[in-house]
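Chain and residue survey
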Amino acid sequence: MTAHSTAAAAADRPGEAARDLVDPDGRDQAKAFTGLLADFNKAEVLSAADLHVARQLGSLGGERDPRVLLAVALTVRAVRTGSVCLDLRTVRDSVLGAVSDAAGAADASGEPTTTTDPARIAEDEELARLAAKAALDWPEPADWIAACLASPLVADQSLPDDTALPGDPALPGDPALPGGTAASSSAVHEMPGTATPLRYDGGLLYLDRYWRQERQVAGELDERSAIAVRAGTDVEVLAAAIDRLIDGAHSSRQRIAAAMAAGRRLSVIAGGPGTGKTTTVAQLLAALAAGAARPPKVALAAPTGKAAARLGQAVREQVERFPAADRDRLGALSAATLHRLLGWKPGSSMRFWQDRHHRLPHDVVVVDETSMVSLTMMARLLEALRPDAHLVLVGDPDQLASVEAGAVLGDIVARAARPDRAHPPASPQPATAPDENVPAALSFVQQLVPEDVAALDATARAELAGGVTRLVHRFRFGGAIAELADAVRTGDADRALDLLATPPDRQGPESTVEFVAAEAVRDSPALAGLREQAVGAARDIAAAALAGDAAQALHAMDQHRLLCAHRAGPFGAGYWAATVSGWISDDLRKRPLPGQVAEHAGRGLWVPGRPLMITENDRDLELYNGDTGVVIVDPAPDARPGSVLAAFGDPQAPTLVRPGRLGGVQQVYAMTVHKSQGSQFRAVTIILPPSASPLLTRELLYTAATRASKQVRIIGTESAVRAAISRPVLRASGLRSR
Ligand SMILES: Nc1ncnc2c1ncn2[C@@H]1O[C@H](COP(=O)(O)OP(=O)(O)OP(=O)(O)O)[C@@H](O)[C@H]1O
């Protein structure tokens, strides 16, 4: 890859590979730099690619001020690490925040220092890196901002501006970036206000592309917030359908969510695992179908193949429980990935056939696992919806946000509750007397389900006025895991550690949580529990795989998963996958399974029972990066002896693929927490990195713990648990304040 294309790629596709803060491949390229930018590169704040983008833009725009170029490079870095923009006033603190967090957490833990402990050695190395960042010469914010505003590279959006509300320019590349096809010096010089590569807006610095997307998304969210009932809907019939279809105990908020989805073209169903989100989706679709002259044309979608498969399956199971008339009205429902729904254009990662000129035909679009949706994808989805379509976003705003830039679900939820947007009354209104001061959304829902609205507290009413219904009752995944998740979510490290210290046999029958001290990370006696579980699960998978039983092998795959925050290094998924793989090979050598025969030997990846993960999207097969599967013996009666297949997806309807047909695929004895999003396992083991690791955050621990339904085991230090819980992800974005 050339320096030029590296630069463009890093800013344009800030994928997971860029999450590790260091950029070893770019070190040589970065040697060409001197001064402020080079210092930030040496301290591992900026990658070589960040520097190259800054230099390219600087030379296109005639900008030489190192403070401005630093701001440009930090804005590229911000996008690469998940933010939409850069806050020059706080960037120093957010880069350095981990120093004090980590030191504080280490002090609070009172753990003895031992130089032979790999966790502590890695922790010390991480602290040394952070100290180098602290020693950098950060510009003073007021001067820095003034320098940026004086730069030809930056348009000040607080000044009067004749720019029409922009869509993302329909170009295959980014005009703001050197790799974009429209990049040229004239873009900077001749079109001020429309092609300036950076924008300063609301105290935040943006790359033009992300500024446009954020403005577009904010504008479309606002347009969709007015009350709008589908044509042909009889509100009384709809209210009766909600009463009839959603009548169980603890279903009050589900009824509210259904009413909101009917009355607003954008509604959000937010809730943790097992709070009834998918059930609500099925219920609201049935209610909408019953309340309208014509059943709606429905699209179910999710950001990943695995999440789409789970959504489709869960909704179908729920629909099966409805009376025949409701089932018939809904017809066949299946879910697809967002990429497939929008129709991916060949050769382009984020351009789709369905756009503002070719709108989706659906009346109702439901998106599950919305926390994983990036700002760019949300912009594409919103522009492709028909103006009168109803969008229902479903997800858990406390989970890790998308790998790409943006934390859209969290932003939409925070935005909804802003007092200046909704003006909800402070106390509940009488059920039968909708108040003139009650916001329209609330008042519409009140009309349909008055008692349910009357029972809401002030916070829930405020969110509801902004179109968000938060489901709070846990129907599934309760017990110790739910308590741990709550403690993590609310930042209560003491409670989390108390729970983790409670013996599993005193935690109740629903689920258990367990803590293994990190001093023993490589100490086999303390890892005995993990080893036994990993080997046991692998034997079950292999036994089913050898019998050619795809359903059972896929089911066994979901029994246990090892999760890591890092991809590489001593706490990374790579190291742990190799460790677990060694344990399993050792066991199978000593205790071979029936059918485990020589013809499978020497086949590399293609050994029955080998767990697989897709690493490259394959649209034809509908297999997407992060989807997991397993190698099985080909069960066909006429199959050649020793021939195998790869099984993916829903155990009830697996996708079976010949090995040669698969592109990017690897074995998956351990995976990153990011990759595990949208999946659920019976048990998970979480390897925590040292407390100074910038990847260790509250959302990461919450997401990892909530992947399990029955058992969570955390391997790490107490200081790492405290650091994670004390450090919510801070993704810069202007969406919540727009
Ligand atoms: N009102 C209700 N009364 C009783 N059981 C319910 C109710 N709503 C949902 N359930 C049950 O609770 C369980 C969890 O529901 P559901 O799968 O809809 O939750 P979810 O939030 O989508 O979970 P996940 O986090 O797995 O996606 C299911 O078994 C469902 O049948």
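The protein chain appears in an unreviewed UniProt entry as RecBCD enzyme subunit RecD from Nakamurella aerolata. UniProt lists a comment for the protein chain under the heading Sequence similarities (unreviewed entry), and it reads "Belongs to the RecD family." In UniProt, the protein chain has this text filed under Subunit (unreviewed entry): "Heterotrimer of RecB, RecC and RecD. All subunits contribute to DNA-binding."

This brings us to unusual backbone geometry. Backbone geometry places Glu 44, a non-glycine residue, at a positive phi of 65°. In this fold, Glu 44 is placed in the loop between α3 (35-42) and α4 (48-61). Of note in the backbone geometry, His 250 takes a positive phi value of approximately 60° without being a glycine. Here His 250 lies in the loop between α11 (235-245) and α12 (252-263). Residue class for His 250 comes out exposed when judged on its relative accessible area of 51%.

Quick look at the sheet that holds strand β9 (residues 468-471) now. With respect to topology, six strands assemble into an open sheet ordered β6-β5-β7-β8-β4-β9, the strand pairing being parallel. The two strands at the open ends of the sheet, each matched to only one other strand, are β6 (335-337) and β9. Going across the sheet, the axis of each strand differs from the next one's by a mean of 20°, ignoring polarity. In this sheet, strand β8 (residues 390-395) lies alongside strand β4 (residues 266-271) in parallel orientation, the contact comprising five bridges. Residue Ala 270 lies in a different strand from β8, and its bridge partner there is Gly 395.

Tallied over the entire structure, the rule returns two aromatic pairs. Between Tyr 575 and Trp 576 the ring centres are 5.4 Å apart and the planes differ by 85°, which places this aromatic pair in the edge-to-face class. We classify Trp 576 as buried; its relative accessible area is 0%.

UniProt's feature table lists "binding site: ATP" (unreviewed entry) at Gly 271, Gly 272, Pro 273, Gly 274, Thr 275, Gly 276, Lys 277 and Thr 278, given in the numbering used throughout. On the secondary structure map, Gly 271 appears in strand β4. Leaving out residues up to four positions away in the same chain, Gly 271 has contacts with Lys 277, Gly 395, Asp 396, Pro 397 and Leu 471. Considering the arrangement of structural elements, one finds Thr 275 in the loop between β4 and α13 (277-291). By relative accessible area, which is 3% here, Thr 275 ends up buried. Non-local contacts of Thr 275, meaning those with residues more than four positions away in its chain, are made with Gln 254, Leu 471, Val 472, His 473, Arg 474 and Phe 475. Among the polar contacts made by the side chain of Thr 275, one reaches the main-chain carbonyl oxygen of Gly 272 at a distance of 2.7 Å.

Of the positions making up helix α26 (residues 550-557), those classed as buried are Ala 550, Ala 553, Leu 554, Ala 556 and Met 557. Buried residues along α26 cover an arc of 160° about the axis, so they all sit on one side.

As a structural note, the neighbourhood of the ligand is formed by 16 residues, with Gln 254, Thr 278, Thr 279, Phe 475 and Arg 476 the closest of them. In the model, an oxygen atom of the ligand is placed 3.1 Å from a nitrogen or oxygen of the Thr 275 main chain. Alone, the ligand offers 620 Å² of accessible surface; in the complex the protein occludes 78% of this. Ranked by the residues each element gives to the shell around the ligand, the list is headed by α13, at three residues. Class assignment of the residues belonging to the shell around the ligand gives a composition of four nonpolar, eight polar and four charged.

Attention now goes to the pattern of salt bridges. Should their charged atoms come close, side chains of opposite charge can pair. Enumeration according to the criterion identifies 29 salt bridges in this entry. For Arg 386, the salt bridge goes to Asp 363, with nearest N and O atoms at 2.8 Å. Taken together, the residues Arg 386 in the loop between α17 (375-384) and β8 and Asp 363 in the loop between α16 (338-342) and β7 (364-367) connect sequence positions 23 residues apart. You can call Asp 363 buried: its relative accessible area is 4%. With a shortest N-O distance of 3.9 Å, Asp 398 and Arg 489 are connected by a salt bridge. One end of the pair, Asp 398, is in the loop between β8 and α18 (408-416); the other, Arg 489, is in helix α23 (residues 479-489), with 91 residues separating them in the sequence.

Our focus in this paragraph is the nonpolar core. Core analysis: the biggest nonpolar cluster contains 81 residues, and Leu 74, Trp 138, Trp 144, Leu 205, Leu 381 and Leu 391 have the highest contact counts within it. Broken down by element, the residue count for this core peaks at 10 residues, all from helix α5 (residues 66-80). Both domains that furnish three or more residues to this core are identified here as domain 1 (3-207) and domain 2 (224-471). Once you skip the residues sitting within four places of it in the chain, Leu 381 turns out to touch Leu 338, Leu 341, Leu 342, Leu 360, Val 365, Val 367 and Leu 391.

What follows covers the pairing of strand β12 (residues 611-614). Burial along β12 is two-sided: the face carrying Pro 611 and Met 613 and the face carrying Leu 612 and Ile 614 are both buried. Judged from the three bridges that link them, β12 and strand β13 (residues 628-633) form a sheet pairing that is antiparallel. Paired with Pro 611 across the strands is Val 630, a residue of β13. The sheet contact formed by β12 and strand β16 (residues 665-667) spans three bridges and is antiparallel. The partner of Met 613 across the bridge, within β16, is Gln 666.

Thresholds applied
- Residues numbered from 1 in each chain as written.
- Predicted model: local features only at pLDDT ≥ 70, side-chain atom pairs only at ≥ 80, totals over all residues.
- Heavy atoms only, no water.
- UniProt positions renumbered as here; feature names shortened; annotations may be inferred.
- Helix = DSSP H or I, 4+ residues; strand = E, 2+ residues; numbered from the N terminus.
- Buried < 20%, exposed > 50% of the residue type's maximum accessible area, 1.4 Å probe, protein only.
- Pairing = 2+ DSSP bridges.
- Axes fitted to C-alpha atoms, helices over the stretch in contact; angles between N-to-C directions.
- Phe/Tyr/Trp six-rings, centres within 6.5 Å; stacked < 30°, edge-to-face > 60°.
- Contact = heavy atoms within 4.5 Å.
- Polar contact = N/O pair within 3.5 Å; in protein donor to acceptor, adjacent residues only side chain to side chain.
- Arc of directions from axis to C-beta.
- Near = heavy atom within 4 Å.
- Areas by Shrake-Rupley, 256 points an atom, 1.4 Å probe, with all protein chains shown as cover.
- Nonpolar A, V, L, I, M, F, W, Y, C, P; charged D, E, K, R; others polar.
- Salt bridge = Lys/Arg side-chain N within 4 Å of Asp/Glu carboxyl O.
- Core = buried A, V, L, I, M, F, W, Y, C linked by side-chain atoms within 4.5 Å.
- Domains from an automatic or database assignment.

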